[in-house]
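Letter by letter, the chains look like this.
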Amino acid sequence: MSSSRAVTLIAGDGVGPEVAESARKIIDATGVKIDWHEHEAGAEVFKKGDATGVPKETIESIEKTRVVLKGPLATPVGFGEKSANVTLRKLFETYANIRPVREMPGVPTPYSGRGIDLVVVRENVEDLYAGIEHMETPDVAQTLKLISRKGCEKIVKLAYALAEAENRTNVACATKANIMKMTEGMLKRTFEEIAPEHPEIDSWHVIVDNCAHQLVKRPEQFEMIITTNMNGDILSDLTSALVGGLGFAPSANLGTDVAIFEAVHGSAPKYAGQDTINPTAMILSAVLMLRHIGELEAASTVENAVMATLAQGIRTRDVMGDEGSVGTTAYTEAIIGNLGNKVDEWQAREVKQVKMPVPRKEAAFIIPESVELIGVDVFFQTEEEPEVVGLAAQAIAEGTKLELKMVECRGTQVWPKTSAELDPTDVMRARFITRGSVITSEDILSLLGNFGGRFNWVHVEKLRMFDGEPSFSRAQGEK
Ligand code: NAP
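Computed from a prediction, not measured in an experiment: that's the story for all the values here.

Chemist: Looking at this model, I keep getting lost on the sheet that holds strand β10 (residues 224-227). Mind explaining?
Modeler: As a general point, the strands of a sheet are linked pairwise by backbone hydrogen bonds and lie either parallel or antiparallel. Pairing within the open sheet is mixed, and its ten strands lie in the order β2-β1-β3-β12-β11-β4-β5-β10-β8-β9. Each end of this open sheet is capped by a strand with a single partner; those strands are β2 (34-38) and β9 (202-207). Taken pair by pair, the neighbouring strands of this sheet meet at an average axis angle of 25°, ignoring direction. Pairing geometry for strand β1 (residues 5-10) and β2, over five bridges, is parallel. For Ala 6, the partnering residue across the bridge sits in β2 and is Asp 35. Packed onto the sheet, helix α3 (residues 56-65) meets β1, β2 and β3 (67-70) and runs at close to 150° relative to β1.

If you want it as structure tokens, here you go:
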């Protein structure tokens with residue numbers, strides 16, 4: 001490459017500046033011409049009063065460069081502002097989070113010698129991470145798990161494009177579709193529709209809890225795992241531990257137009273500024289970045305130099321403990337000294353640049369021929385006994401086109417009474433369905449009007465049939 005490639009560099013919080021500096025130094029030492037545009041995000045930005053954690057200048061830089069190398073950003077846990085990481089991923093629709101792990105020379109683990117080499121492909125912008133939360137009452141919190149057909153199609157297509165670019169021939173899809181048949185089931189169904197377009201790849205589905213079990217028991221059976229956002233977050237921390245821990249786990253956040261490369265780990269504040277942190281995850285994230293921008297040779301040179309360094313026994317404190325370990329700076333220098341070296345234990349994977357799939361433009365992919373409104377679920381606040389609630393809800397429906405079918409609490413039917421033992425919360429849901437006639441939104445509004453002073457309703461979901469199929473699940477115990 002003759003001219004420089006512009007890349008936005010965000011050093012990040014905690015150990016971020018140390019690992020970012022290590023990766024930058026090594027890339028610069030390869031001779032690849034990168035024009036680093038340094039910008040900030042994260043804790044310091046929050047402190048300045050910017051509630052997004054990502055300032056305008058950073059966003060404008062990414063809009064120009066389209067490629068980001070990013071250190072970890074600290075997020076307050078359980079309170080305060082939203083994650084600046086999630087904000088970045090969402091702003092630039094980096095819908096796929098690619099997390100490869102591979103056994104490395106010189107990094108002993110209980111799995112050494114078993115040839116672990118797999119990649120978790122995690123959906124990155126939907127699911128519980130849409131962050132749409134409400135307190136239904138001060139005692140009951142709710143979050144929306146949003147999964148779209150579009151999101152599933154994008155992640156599955158990208159996963160196959162990556163499998164092809166990396167010559168992977170075995171692709172598993174891990175979901176919890178046995179319980180969440182609509183949301184998690186959407187990924188499973190989309191995967192099963194697209195998989196036959198890749199007959200050369202062995203495609204299979206695994207329930208995510210068994211996937212975790214299998215990963216600990218026989219991880220070498222996996223080459224690629226496609227999964228939803230939350231599952232992927234957890235599984236990929238697990239997979240990083242299989243090859244030596246978070247210090248060795250890189251990642252790429254890929255979107256159609258923007259790619260953000262970062263270590264899987266966080267800001268590890270207790271190690272900040274000590275020159276002891278392992279920068280490998282960040283360096284290998286930079287390797288993924290080099291491949292993404294077409295610097296395939298430099299990518300392999302850096303990867304080989306890291307492996308040569310580890311094989312020589314030059315390792316940081318997370319692997320060695322205090323005795324015999326080197327600091328972040330010395331480790332970085334050793335890698336630079338090894339640029340051009342290879343070791344027999346490591347064959348850099350033959351990879352092509354990933355051909356990013358072009359997502360379909362339309363928002364809706366499936367247009368049903370018939371949509372029929374048949375009822376409504378009304379969630380409301382109450383501390384009364386189910387029997388009393390049932391009778392009151394029946395009375396609310398009197399004189400309307402709807403009748404009460406059941407009342408549930410936390411997903412289990414409580415009226416009509418089932419044998420379930422109830423430990424109630426103060427939110428219940430009444431399901432009303434049509435008495436037989438065609439109903440409209442107006443009929444639902446008049447039913448809600450009857451709730452009036454009796455119960456405080458907190459949210460409502462319409463019950464519809466799409467091409468004769470229910471668009472809602474049944475409560476536990478509901479017939
Ligand atoms: P963390 O920063 O990843 O640290 C957890 C533990 O992992 C560390 O205590 C350390 O384990 C180990 N570790 C992490 N990075 C390492 C490295 N480079 N080399 C060796 N060991 C490493 O996770 P956290 O403590 O849960 O989160 C801290 C902050 O980071 C939070 O604010 C969180 O929101 C944020 N975070 C950011 C990102 C991101 O920017 N993408 C990702 C995750 C978390 P030992 O204690 O065993 O040494």
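Chemist: Explanation requested: the environment of Thr 280 in the structure shown.
Modeler: Looking at the element boundaries, Thr 280 is found in helix α9 (residues 280-292). A sequence separation of 70 residues divides Thr 280 from Asn 210, and the C-alpha atoms of the two residues are 30 Å apart. Apart from the residues within four sequence positions on either side, Thr 280 is in contact with Gly 247, Phe 248, Val 306 and Tyr 331. A polar atom in the side chain of Thr 280 sits 2.5 Å from the side chain of Asn 278.

Chemist: Help me understand the pairing of strand β6 (residues 133-137) in this model?
Modeler: Pairing of β6 with strand β7 (residues 140-143), which is carried by four bridges, proceeds in the antiparallel orientation. Following the sheet pairing, Thr 137 is matched in β7 by Val 140. The hairpin turn running from β6 into β7, its antiparallel successor, is two residues long.

Chemist: So what exactly am I meant to see when it comes to the site of the ligand here?
Modeler: Around the ligand, a shell composed of 21 residues is seen, among which Thr 75, Gly 266, Ala 268, Lys 270 and Tyr 271 lie nearest. At 2.8 Å, a backbone N or O of Thr 75 approaches an oxygen atom of the ligand. The backbone of Asn 278 places a nitrogen or oxygen atom 2.9 Å from a nitrogen atom of the ligand. Protein contacts shield 66% of the accessible area of the ligand, which totals 880 Å² for the unbound molecule. For the shell around the ligand, the class distribution of residues is nine nonpolar, seven polar and five charged.

Chemist: In this structure, what is going on with the environment of Leu 288? I would like to understand it.
Modeler: For Leu 288, the location among the structural elements is in helix α9. The spacing of Leu 288 and Leu 447 is 159 residues in sequence and 56 Å in space, taken between C-alpha atoms. Non-local contacts of Leu 288, meaning those with residues more than four positions away in its chain, are made with Pro 100, Pro 250, Ser 251, Ala 252 and Phe 261.

Chemist: Mind showing me how you'd approach the nonpolar core here?
Modeler: Among soluble globular proteins, nonpolar side chains are generally buried collectively. One finds Leu 69, Ile 98, Phe 261 and Met 289 to be the most contacted residues of the largest nonpolar core, which totals 67 residues. The residues touching Leu 69, leaving out its near neighbours within four places in the chain, are Val 7, Thr 8, Leu 9, Ile 10, Ala 23, Trp 36, Phe 261, Met 282, Ser 285, Ala 286 and Met 289. Residues Phe 380, Val 407, Met 428 and Ile 439 belong to the second largest nonpolar core, which totals 24 residues.

Chemist: How do you make sense of unusual backbone geometry when you look at a structure like this?
Modeler: Here the amide bond leading from Trp 415 into Pro 416 is cis, since omega sits at -10°, within 30 degrees of zero. Note that Pro 416 resides in the loop between β15 (412-415) and β16 (427-434). Look at Glu 93: it is not a glycine, yet its phi comes out positive at around 50°. Even without glycine at this site, Asp 127 takes up a positive phi of about 65°. By the element assignment, Asp 127 lies in the loop between β5 (117-123) and β6.

Chemist: Would you mind going over the pattern of salt bridges with me for this structure?
Modeler: Opposite charge on two side chains lets them pair, provided their charged atoms get close. For the structure shown, the criterion picks out 35 salt bridges. Between Lys 145 and Glu 184 there is a salt bridge; the shortest N-O distance is 2.7 Å. With Lys 145 in the loop between β7 and α5 (149-165) and Glu 184 in helix α6 (residues 183-194), this residue pair connects regions lying 39 residues apart in the sequence. Both residues of the pair, Lys 145 and Glu 184, count as buried. Bridged by salt links that share partners, the residues Arg 149, Glu 153, Lys 157, Glu 193, Arg 360 and Glu 362 form one connected network.

Chemist: Which parts of the structure should I look at to understand the packing of aromatic side chains?
Modeler: Taken as a whole, this structure holds six aromatic pairs when the rule is applied. Ring plane angle 15° and centroid distance 6.3 Å describe the contact between Tyr 160 and Phe 191, whose orientation is recorded as stacked. Of this pair, Tyr 160 sits in helix α5 while Phe 191 is found in helix α6, placing the two residues 31 residues apart along the sequence. The exposure class assigned to Tyr 160 is buried, which follows from its relative accessible area of 1%. On the basis of relative accessibility, which here comes to 2%, the residue Phe 191 falls in the buried class.

Parameters and conventions
Residues numbered from 1 in each chain as written. Predicted model: local features only at pLDDT ≥ 70, side-chain atom pairs only at ≥ 80, totals over all residues. Heavy atoms only, no water. Pairing = 2+ DSSP bridges. Helix = DSSP H or I, 4+ residues; strand = E, 2+ residues; numbered from the N terminus. Axes fitted to C-alpha atoms, helices over the stretch in contact; angles between N-to-C directions. Contact = heavy atoms within 4.5 Å. Polar contact = N/O pair within 3.5 Å; in protein donor to acceptor, adjacent residues only side chain to side chain. Near = heavy atom within 4 Å. Areas by Shrake-Rupley, 256 points an atom, 1.4 Å probe, with all protein chains shown as cover. Nonpolar A, V, L, I, M, F, W, Y, C, P; charged D, E, K, R; others polar. Core = buried A, V, L, I, M, F, W, Y, C linked by side-chain atoms within 4.5 Å. Buried < 20%, exposed > 50% of the residue type's maximum accessible area, 1.4 Å probe, protein only. Salt bridge = Lys/Arg side-chain N within 4 Å of Asp/Glu carboxyl O. Phe/Tyr/Trp six-rings, centres within 6.5 Å; stacked < 30°, edge-to-face > 60°.

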